[in-house]
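Structural characterization, general
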Amino acid sequence: MALTGIDAITFGVHDMEAAYRFLIDWGLTERLKTPERLEFTTQDGGEVIVRPHDAPDLPPAIEEGNTVRQIVWGVASESALEELVSRIASHPEYEAAEPGGTPRLRDPNGLGLAFRVKRRQPVKGNPTLPNAPGVTHRLDQRSPVYTQAKPLQIGHVVLFTADYAAMRAFYLDVLGFIVSDEYPGHGCFMRCAQRGGHHNQFILNRPGRPGVNHVAFTLNDVHEVIGGGLAMSRKGWKTEIGPGRHPISSAYFWYFENPLAAPLEYYADEDYCTEAWEPQTFERRPELFAEWAIAGGIDGTTRRQVIKGGESDRGHN
Ligand SMILES: [Fe+2]
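We now turn to the structure provided with this report.

Reading the values: rules and limits
- As a convention, each chain's residues are numbered from 1 in the sequence order in which they are written.
- Local features are withheld for residues below a pLDDT of 70 in this predicted model, meaning they are given only at 70 or higher, and side-chain atom pairs are given and counted only at 80 or more; totals for whole chains, interfaces and linings count all residues.
- Remark: hydrogens and water are excluded; side-chain values derive from all non-hydrogen atoms of the structure.
- Here the coordinating atoms are restricted to nitrogen, oxygen and sulfur within 2.8 Å of the metal centre, or 3.2 Å for Na, K and Ca, and because water is not among them the sites may look incomplete.
- Secondary structure elements are taken from DSSP: a helix is a run of H or I of four residues or more, a strand is a run of E of two residues or more, and numbering for both begins at the N terminus.
- Note on classification: 1.4 Å probe, protein chains only; a residue is buried when its accessible area is under 20% of the maximum for its type, exposed when over 50%, partly exposed between these limits.
- The criterion for strand pairing is that DSSP finds at least two bridges linking the strands in question.
- By definition in these notes, contact holds between two residues if any of their heavy atoms fall within 4.5 Å.
- Interaxial angle, 0 to 180 degrees, is taken between N-to-C directions of lines fitted to C-alpha atoms, where a helix line uses only the stretch in contact.

Comments concerning the coordination of the iron ion
Within the first shell, the iron ion binds the protein through His156 (NE2), His214 (NE2) and Glu265 (OE), at distances of 2.0 to 2.2 Å. Mapping the donors of the iron ion onto the primary sequence gives the spacing H-x57-H-x50-E. With His214 in strand β15 (residues 211–218) and Glu265 in strand β18 (residues 264–268), the pair connects residues that are 51 residues apart, well separated along the chain. For His214, a relative accessible area of 1% translates into the label buried.

So, the sheet that holds strand β14 (residues 201–205)
Strand order in the open sheet made by the 10 strands is β20-β11-β12-β14-β10-β15-β18-β17-β16-β21, with mixed pairing throughout. Only two strands of the sheet have a single partner each, and these edge strands are β20 (280–281) and β21 (292–293). Pairing analysis gives 7 bridges linking strand β10 (residues 153–161) to β15, with the strands arranged antiparallel. Paired with Val157 across the bridge in β15 is Val215. Lying on the sheet, helix α4 (residues 222–234) is in contact with β16 (239–245), β17 (252–256) and β18; it crosses β17 at an angle near 15°.

Overview of the sheet that holds strand β4 (residues 47–52)
The 7 strands are arranged β2-β3-β4-β1-β5-β7-β6 in an open sheet whose pairing can be described as mixed. What marks the edges here is a single partner per strand, and that holds for β2 (29–34) and β6 (104–106). Geometrically, the sheet is characterised by an average inter-axis angle of 20° between neighbouring strands, direction not taken into account. The pairing of strand β3 (residues 37–41) with β4 spans 4 bridges and is classified as antiparallel. Residue pairing in the sheet places Phe40 in a bridge with Val48 of β4. Helix α1 (residues 16–26) contacts β1 (3–13), β2, β3 and β4 of the sheet and is inclined by roughly 10° relative to β3.

Topic: the environment of Ala251
Within the secondary structure, Ala251 sits in the loop between β16 and β17. Assessed through its relative accessible area of 2%, Ala251 is described here as buried. Separated by 33 residues in the primary sequence, Ala251 and Thr218 place their C-alpha atoms 9.9 Å from one another. Ala251 has contacts with Gly244, Arg245, His246, Tyr267, Ala268, Asp269 and Glu270, leaving out every residue within four places of it along the chain.

Given below as structure tokens:
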């Protein structure tokens, strides 16, 4: 019954125009713009939906301000959806699909979840291959310089959990996620299928205060993370932290403040896990968030570190 990943995500925001400008600059493809609804897509067809925060049909917000209101997880087929429904139908928060709609659930944080046969299409990235003495992946070919990111997919979401044990049990036992790595009692990196990127979701203990930590978009490689981040900086968007590199998951990252929710992240080159992946446990420490990182970001025009940039206290993914 493996889920296939985040098929769509809905944000509820206070400023639709600001959200629109950000998503255009972020490199998503515009599909619909009305005062009540924005629709954008990633390259694989993943949907980013934006609605006014007080739209009456949105699931309730789990925190104040702009935030994620619903995540739609994909499944591979109609039969997989039926199997999933048979597993979750007895859950007290389950809502059966209305005609043409999707079955829904709330996680223990209260976040709205929905499930559908995936609409995303397989996408093949084009990462720059490395060269080293004796290993020549890139022959007679220059390495690219990106001037704009174009996200391939919605890669993962990170949630602050009001009740860590309940959230961990819900995603592992009810929805079948698999632990990739863990801070015991504090944080759990999980993937929704045996084979896939290191995490589609990470939950982080914050007793009594549910929320969204960040939402992450997958790029081709570190060069697109840098070029895309510089482009966002040039357009005036403020770095939360980055560029940098996570030691857990191995990914390169750059986080930006934005008018949609908690920081949004560009990332690339995460570990790919299979049945043979060996989860590890780590003690939660700030240095495990980043092997290296630039607080305040890099100025898009001067291409130099913003020396007086905001000091981030982020100490986790
Ligand atoms: Fe992330």
